[in-house]
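Here is how the chains run, residue by residue.
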Amino acid sequence: MGMPGSLHPLSSHPRGRNQLIRGGVKSTRTLLLMACLWGAAADSPGGFLRLVGSSDHCAGRVEVLHNGTWGTVCDDGWGSSEGQVVCRQLGCGTVLSVAPGARYGEGTGQIWLDEVNCTGEERDLSECRARPWGEHNCHHVEDASVECSDSSITALGTLQLLNGPNRCAGRVEVLHNHMWGTVCDDGWDLVDAAVVCRQLGCGTALSATSGAHFGRGHDPIWLDEVNCTGTEDTLFNCRASAWGDNNCFHGEDAGVICSASGVSMAAELRLANGSTHCEGRVEVTHNGTWAALCDEGWGLAEARVVCRQLGCGRALSAPGGSHFGQGPGRMWPDRVSCVGTETAFSTCNVKPWGNGTCHHGREAGVVCAGTSEGDQVRLVNYGSRCAGRVEVFHNKRWGTVCDDSWDLLDAEVVCRQLDCGRALSAPGGGQFGRGDGIIWMDETNCTGMENALSTCWARPWGINNCYHGEDAGVVCSDSIIPEPAHLRLANGSHRCAGRVEVLHQEEWGAVCDRNWDKQDAEVVCRQLGCGMALPASEGVDFGAGSLRVWLDNVNCQGTEPTLTKCQASLWGESSCSHGKHASVVCSGSAVSSFAPVRLVDGPGHCTGRVEVFHNEKWGTVCDDSWDFADAKVVCRQLDCGMVISAPRRAHFGQGKGPIWLDDVRCMGTEAALSECRAKGWGIHGCEHGEDAGVVCSGSGISDLGNLRLVNGSDSCSGRVEVFHDQRWGGICSDGWDLAEAHVVCRQLGCGAAHSAAGSTQYETGDGLIWVDAVECTGMEGALFECKVKFWGAKSCKSKGHAGVACSAAADLDLRSLEALRLVNGPHRCAGRVEVFHNQQWGTVCDDGWDLKDAAVVCRQLGCGTAVSAPGLSGFGQGSGPIWLDRVSCLGTEATLAECQVKSWGHHACNHVEDASVVCSGSGIDSIPRLRLVGGWSECAGRVEVFYNNEWGTVCDDSWDLSDAAVVCRQLGCGGAVSAPGAARFGWGSGRIWLDDVSCTGQETNFFECGAKMWGVHNCRHGEDASVVCAAGNFSSADLRLVNGPHRCAGRVEVLHIGQWGTVCDDAWDLNDAAVVCRQLGCGRAQAAPSRAHFGQGTGQIWLDEVACTGSEDALAHCQARPWGQSNCNHREDAGVVCSDTSTTNTTTVRLVDGPHRCAGRVEVFHNQQWGTVCDDSWDLSDATVGCLHWEGKHPCGVSGQALGNQRVHP
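Everything numeric in this text was worked out from a predicted model, so none of it was measured. (Residues numbered from 1 in each chain as written. Predicted model: local features only at pLDDT ≥ 70, side-chain atom pairs only at ≥ 80, totals over all residues. Heavy atoms only, no water.)

Participant: Any chance you could break down the overall build of the protein chain for me, citing the residues and the numbers?
Facilitator: The number of helices and strands found in the protein chain is 14 helices and 67 strands. Once local pairs closer than 6 in sequence are excluded, the contacts in the protein chain between residues at least 24 apart make up 69%. About 53,100 Å² of surface is accessible on the protein chain, with carbon and sulfur atoms providing 48% of the total. (Helix = DSSP H or I, 4+ residues; strand = E, 2+ residues; numbered from the N terminus. Contact = heavy atoms within 4.5 Å. Areas by Shrake-Rupley, 256 points an atom, 1.4 Å probe, with all protein chains shown as cover.)

Participant: Tell me about the nonpolar core, and please be specific about residues and values.
Facilitator: Soluble globular proteins tend to pack their nonpolar side chains together in the buried interior. Leu453, Trp626, Leu673 and Leu783 are the most contacted members of the largest nonpolar core, which totals 87 residues. Per-element tally for this core: the top contributor is helix H6 (residues 408-418), with six residues. Residue contacts for leucine 783: discarding those within four places in its chain leaves Leu704, Leu707, Ile731, Val743, Val744, Gln747, Val774, Cys776 and Val788. Counting residues in each nonpolar core, the second largest holds 51 residues, with Val172, Leu190, Cys197 and Cys238 among its members. (Core = buried A, V, L, I, M, F, W, Y, C linked by side-chain atoms within 4.5 Å. Buried < 20%, exposed > 50% of the residue type's maximum accessible area, 1.4 Å probe, protein only.)

Participant: I'd like a rundown of the environment of valine 788, residues and numbers included.
Facilitator: Within the secondary structure layout, valine 788 lies in strand E45 (residues 787-790). Among the residues examined, valine 788 registers a relative accessible area of 9% and is labelled buried. Valine 788 sits 87 residues away from isoleucine 701 along the chain, and the two C-alpha atoms are 8.8 Å apart. If we skip the residues at most four places from it in the chain, valine 788 touches Pro603, Leu704, Val771, Ala773 and Leu783.

Participant: Pulling in residues and values, what's your account of the state of the cysteines?
Facilitator: Inspection of the entire model under this criterion finds 32 disulfides. Note on cysteine connectivity: cysteine 829 is disulfide-linked to cysteine 863, with sulfurs 2.0 Å apart. Between cysteine 829 and cysteine 863, the disulfide has an S-S torsion of -70 degrees and is therefore left-handed. Taken together, the positions of cysteine 829 in the loop between strand E47 (820-827) and strand E48 (830-837) and cysteine 863 in the loop between helix H11 (851-861) and strand E50 (866-868) put the pair 34 residues apart, joining distant regions of the chain. Judged by its relative accessible area of 2%, cysteine 829 is buried. (Disulfide = S-S within 2.5 Å.)

Participant: Can you break down the pairing of strand E60 (residues 1049-1056) residue by residue, with the values?
Facilitator: For E60, a buried count of seven out of eight residues is recorded, marking the element as mostly surrounded by other parts of the structure. Relative to E60, strand E59 (residues 1039-1042) runs antiparallel, the two sharing four bridges. Of the residues in E60, the one forming a bridge with valine 1042 is arginine 1051. Turn length for the E59-E60 hairpin, with the two strands adjacent in sequence and antiparallel, is six residues, and the turn residue asparagine 1043 shows positive phi of about 70 degrees. Two strands pair when backbone bridges link them, and E60 and strand E64 (residues 1135-1138) are joined in this way by three bridges, in the antiparallel orientation. Along E64, the bridge assignment pairs glycine 1050 with valine 1136. Of the strand pairs in this sheet, E60 and strand E61 (residues 1059-1063) are connected by four bridges, and their pairing is antiparallel. (Pairing = 2+ DSSP bridges.)

Participant: Can you explain the confidence of the model for the protein chain? Please cite residues and give values.
Facilitator: Considering every residue of the protein chain, the mean pLDDT works out to 78; 83% of them sit at 70 or more. Looking across the protein chain, the model is least confident in helix H1 (residues 25-37), with a mean pLDDT of 32, and most confident in E64, with 93. Low pLDDT, under 50, characterises residues 1-46; the stretch is placed with 73 contacts to residues that sit more than four places away or in other chains. The model gives residues 1188-1195 a pLDDT under 50, and that stretch makes 16 contacts with residues more than four places away or in other chains. (pLDDT = per-residue confidence, 0-100.)

Participant: Requested: an account of the environment of cysteine 1128, with residues and values cited.
Facilitator: Assignment of secondary structure puts cysteine 1128 in the loop between strand E63 (1101-1103) and E64. With 24 residues separating them along the chain, cysteine 1128 and aspartate 1104 place their C-alpha atoms 7.9 Å apart. Look past the residues within four positions of cysteine 1128 in its chain and what remains in contact with it is Cys1064, Asp1066, Ile1101 and Asp1104.

Participant: Give me the lowdown on the pattern of salt bridges, citing residues and values where you can.
Facilitator: For the structure on display, the rule yields 33 salt bridges. A salt bridge links glutamate 611 to arginine 598; the nearest nitrogen and oxygen atoms lie 2.8 Å apart. A residue pair is termed long-range when its members are at least 10 positions apart, and glutamate 611 in strand E35 (residues 607-614) and arginine 598 in strand E34 (residues 597-600) qualify at 13 residues. The exposure class of glutamate 611 is buried, given its relative accessible area of 5%. Relative accessible area serves as the criterion here: at 31%, arginine 598 is assigned to the partly exposed category. Measuring nitrogen to oxygen at the nearest pair gives 3.6 Å for the salt bridge that ties aspartate 662 to lysine 679. On the criterion of sequence distance, the pair formed by aspartate 662 in the loop between strand E38 (659-661) and strand E39 (693-696) and lysine 679 in the loop between E38 and E39 is long-range, its members being 17 residues apart. (Salt bridge = Lys/Arg side-chain N within 4 Å of Asp/Glu carboxyl O.)

Participant: Summarise unusual backbone geometry; cite the residues concerned and give the values.
Facilitator: Backbone geometry places alanine 650, a non-glycine residue, at a positive phi of 50 degrees. For alanine 650, the position within the fold is in the loop between strand E37 (643-645) and E38. In the Ramachandran plot, arginine 1091 falls in the positive-phi region, its phi being about 55 degrees despite a non-glycine side chain. Assignment of secondary structure puts arginine 1091 in the loop between strand E62 (1085-1087) and E63.

Participant: Describe the packing of aromatic side chains, and please don't skip the residues or the numbers.
Facilitator: A full pass over the atoms with the stated rule returns 14 aromatic pairs. Between the aromatic rings of phenylalanine 946 and tryptophan 951, the centroid separation amounts to 5.1 Å while the plane-to-plane angle is 55 degrees, which identifies the pairing as tilted. When its relative accessible area of 14% is taken as the criterion, phenylalanine 946 is described as buried. Through a chain of ring-to-ring contacts, three or more aromatic side chains come together here, namely Trp222, Phe236 and Trp243. For arginine 821, the ring lying beneath its charged end belongs to tryptophan 841, and the centroid distance is 4.0 Å. In this structure, arginine 931 packs its charged tip against the face of tryptophan 951, placed 3.8 Å from the ring centre. (Phe/Tyr/Trp six-rings, centres within 6.5 Å; stacked < 30°, edge-to-face > 60°. Lys NZ or Arg CZ within 6 Å of the ring centre and 35° of its normal.)

Participant: Residues and numbers for H6, please.
Facilitator: Within H6, ten of the eleven residues are buried, which leaves it mostly tucked inside the rest of the structure. Restricting attention to buried positions, one finds in H6 the residues Leu408, Leu409, Asp410, Ala411, Val413, Val414, Cys415, Arg416, Gln417 and Leu418. Buried residues along H6 sit in contact with strand E22 (377-384), strand E23 (387-394), strand E25 (423-425), strand E27 (473-476) and helix H9 (738-747). The N-cap of H6, judged by a side-chain oxygen 3.1 Å from the amide nitrogen of leucine 409 a few residues on, is aspartate 407. (Polar contact = N/O pair within 3.5 Å; in protein donor to acceptor, adjacent residues only side chain to side chain.)

Participant: Give me the pairing of strand E4 (residues 69-73): which residues, what numbers.
Facilitator: One ladder, built from four bridges, connects strand E3 (residues 59-66) with E4; its direction is antiparallel. Pairing of leucine 65 across the sheet is with tryptophan 70, part of E4. What sits between E3 and E4 in their antiparallel hairpin is a turn of two residues, with asparagine 67 showing a positive phi close to 55 degrees.

Participant: I'd like a description of the environment of histidine 837, backed by residues and values.
Facilitator: With respect to the secondary-structure elements, histidine 837 resides in strand E48. With 18 residues separating them in the primary sequence, histidine 837 and alanine 819 have C-alpha atoms 7.5 Å apart.

Participant: Tell me about the side chain of glutamate 893, and please be specific about residues and values.
Facilitator: Following the sequence through the fold, glutamate 893 ends up in the loop between strand E51 (882-884) and strand E52 (916-919). Here glutamate 893 is buried and forms no salt bridge, its nearest opposite-charge partner arginine 859 lying at an N-O distance of 5.5 Å. Within the local environment of glutamate 893, its side chain forms a polar contact with the backbone nitrogen of leucine 890, the two atoms lying 2.8 Å apart. Ignoring any residue separated from it by four or fewer positions in sequence, one finds glutamate 893 in contact with Val856, Arg859, Glu898 and Cys899. (Lys, Arg positive; Asp, Glu negative; His and termini not counted.)

Spelled out as structure tokens, the structure:
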């Protein structure tokens, strides 16, 4: 082992250019002298090196012995390579993590080493480079630390809670890339915390803390925007931003308190004695037992928080009076008061009862709508949880909804599910920006009464003919409620100029101007929607006032969405003695510099066609790329509130004169439309039929979304009334006809209009008329999309009140096509049977269900004949009522209504017994089907078969090329190249359908082969069988080495779905490199460099954790994580150096698109490009030379055939 003095000191050159400094005689004598002093240290593991600050000698703060004194190591440049050397030297295994920022406490005395630079291969720290002993620019807050694999830390895994009372409460930290880091609190909630507690074995989540409740971390911020469903096994299975990608600072570190921490909180919560986990008596933990809550002051606001915390959707009711029975224990001694918007019950206001008490018989209850994983929905890309692009969560992925058939009834379900009030608009056309990834739903058709979007009728999950330019959106009424202001500019002449003030703890305070600059001001202007920050005029003073200084040392990057996201001192901690406060002047204060804007031909100045004033003329705006961000700026400029819709296609009529603006692209934070990016004034390719419009909330038009029908025979007939100014009022019947009636019926989910009645039929109520005139085309989705004159204009000549009678006034007849559907299948003609009754869809019980019943369903739906009649929820369990049981059809009936059946709702079933149907019109037959999954194409992958309405795998017992040949032939994928077992393409899930498959290789159908009975096996999914067919085989054209000195050395890149991407270096070694060199015809592998040795790539990282045996023909045949799944960044790109150092002029031959590497189209590599060989005069002699050319490196024998005329297709 080397001694401390042999640590190579660094010169003052920057890191990476440091040179060794060799000591002379004097330094040698010093080392010999110090060796005597270190005798005792040298006898212990590590000698002059130790880890302190923990009870484990393999984890702690790094300290080294020099000049007889222990001192610390500065964390400048400290990384996993240095940690690896420390762990090796101490005999503590491999490096688990390295941490800067005095993770194990601050040392004392000397800081001996700084800028230590190891390769990771050294035997001890003394062989690494460093600055001279004692030379540094550090403080002990930067003391480096190491955790090794042999430490007790290993038992904690890659997640821990720090700075709390025990391991089950504290700041959340995750281990990535050998470093512990924190989690940002953006979007952090109890669902995320529940996953953490489950992963740590700490019980349930009591609280999800934010704002660095357990202190600020000093490490990287690894995760942001974490969004768990609550069902994940680990935090790392949750959706989140890319590792290290965040806009946070450590003042936003997330924390968790789990039930096993012993921390006393009234936040552990349950609903007891209900029929589901989403209804029941409300109970919280108190002194180690469950205690019921009293119903005094209990209402929907409190119930909403309970339902939200439990992930049970919206609150339906808040019954008191021990509706769910009396609790067995004591009542909780406190009373609770919630606003209703809290994310957790523990954040509501809690006060003791005082001298009063609450007795049994007064227990509070809650009934929630209830949700499941498939029911989750969210609105994104608008800055409000109640407006934005619709995204649904299915199969552990978020995806969008296509706008085909999307209307206000669908939007109403979304708003109800999110507890966001009523639906105001249902914009399509990607008006909230285009999503990415999968489009889950298409042709959605809700009745408007459903509790979750996923229960509405739609095409099967993921089946659509859409693109993201058709993404659907929703605006709910709660989105137009102004949020409380937490930032303002005071003492200025305009809201966009003045002294910066922030609201904290219900008190406004100032910001100290220490280090205040343009980047800080930019954030303020953007947050307030005031455009850009302008240089403040000299001498402008907005007054200091006597305000408390809330923020000091603000340091923004300029890209933060809000001022509180910037780094700053803790709230109220300021030494701003000079009394100068920060101020801002934004471009939005220069109103005279903006082009005026107006909305015309709508009901009031806040709704209509957009027009701008330029060059002394009013002109319109073209609707190319017109969306909600653009409309938001218009509404703000006109002081008209929030956006309800941004209609296109001259919705408010065609304008006249010039079209001034086209292709407007606002960020949404501009102060005026003329500040947005657009083509030059008057430059466009539009007509007035494309004039853009805007509907703002300030028009009051949103009240037209709140309709009712009164004095009719049911909820779908009667006098039309709207709710405005806290009163219900009517609509004038002047010009009222079927077109307007159609819109009302559609908006209310009542079908088509049968009649447009006047006041004589439904009476006039108190006579108040709110809306004086309505003119619709009949195609609108809601009344506020029509031309309207409203709010007491008092120009109603007839004084009559409009009314309607809709087709759904009576319940749908089971004989109608609209009353029957098949859901959750791959086609509208296959799925779970559902019938519509009493304004609600429900299922059919499978008691007595057979092909005769199925035949009637298929006939009624126009779906051909019945193929099968699965029971036992063959297409998944439904929800809601079970309407029919004991259906008994002869099979000749025209509709299900003609069959014998129990009365509506009478049954003894549950949803496990839901009946299903597969009709011939679905294209599904009863013959099992076959597919290959998890591979790089449809001709390579894990073998799966479809049987009994379920996909399952095949066991690899006796699996061989004969079996694979039949699979490849049936799928039209050519011959079989290989038949790998042992789950080469990943473990499957669900059933293992076949075992001991025995094909002769001559069968035309895989299901003709011998095998055990369906579902009978002795296997696990680690034995799943796979196939690689010739049509799925890889050639060297799918692999390349780039950025190296020649084509046989460089960064590894693979081609997948038409896109080149890199390979992560996790577990990358010479076996993997050998396969790459073989595939490229580059000889043997000489090195497998990692850590982006040949530079960082861009785009996708396609492969991770590659594990080749070294014998594979292609890299894609090696075991690896699924395509595109990695936990890497491009700093970890893998490389290869092969023995062949061919220059660019060397000619290489390959055979591609054949059944294997020794047959195919001939291609030669010349001058950095692959090209083909013409077949003129091509014969067996030429082919023989080709085979001999490959003989050395790729033995291919002799030529069998010499094919021309494109026999091997390009």
